[in-house]
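Per-entry structural report
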Amino acid sequence: QNYPNPFNPSTAIRFSVPQDAMVSLSVYDLLGRTVATLVDRPMMSGTYEQTFHAGALASGTYLYALRITSPENGAVLHSSVRKMLLLK
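Residues numbered from 1 in each chain as written. Predicted model: local features only at pLDDT ≥ 70, side-chain atom pairs only at ≥ 80, totals over all residues. Heavy atoms only, no water.

With respect to the packing of aromatic side chains
For the coordinates displayed, the defined rule picks out 2 aromatic pairs. Ring centres of Phe7 and Phe52 lie 6.2 Å apart, and the angle between their planes is 65°; this geometry places the pair in the edge-to-face category. In this pair, Phe7 sits in the loop between strand E1 (2-3) and strand E2 (10-17) while Phe52 sits in strand E5 (residues 46-53), placing the two residues 45 residues apart along the sequence. Note on Phe15 and Tyr48: the rings are 5.8 Å apart at their centroids and 25° apart in plane angle, and the pair reads as stacked. (Phe/Tyr/Trp six-rings, centres within 6.5 Å; stacked < 30°, edge-to-face > 60°. Helix = DSSP H or I, 4+ residues; strand = E, 2+ residues; numbered from the N terminus.)

Some remarks on the sheet that holds E2
Across the sheet, 3 strands lie side by side as E1-E2-E5; this open sheet has antiparallel pairing. A strand with exactly one partner marks an edge of an open sheet, and here the two such strands are E1 and E5. Sheet topology note: the E2/E5 ladder contains 8 bridges and is antiparallel. Across the sheet, the residue bridging to Ala12 is Thr51, located in E5. (Pairing = 2+ DSSP bridges.)

Structure representation (structure tokens):
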């Protein structure tokens, strides 16, 4: 989960990568539009923290989606969607 939540204007999203993999971390509004792509690259196994700056966005609920896939065959190793609240 991100911390803090609710947040203004930025929040930290922590996640773990179980093995070397392709990682995608994106933020969406409630209409499903991508508002930010925070990570979209290969990463080594470990724990990471990515900061999301939302100063230009309106207050409201946003979703972030984390997807970790195998670099060899594209198999999904982990996929999750979480809710976060921006209060201004």
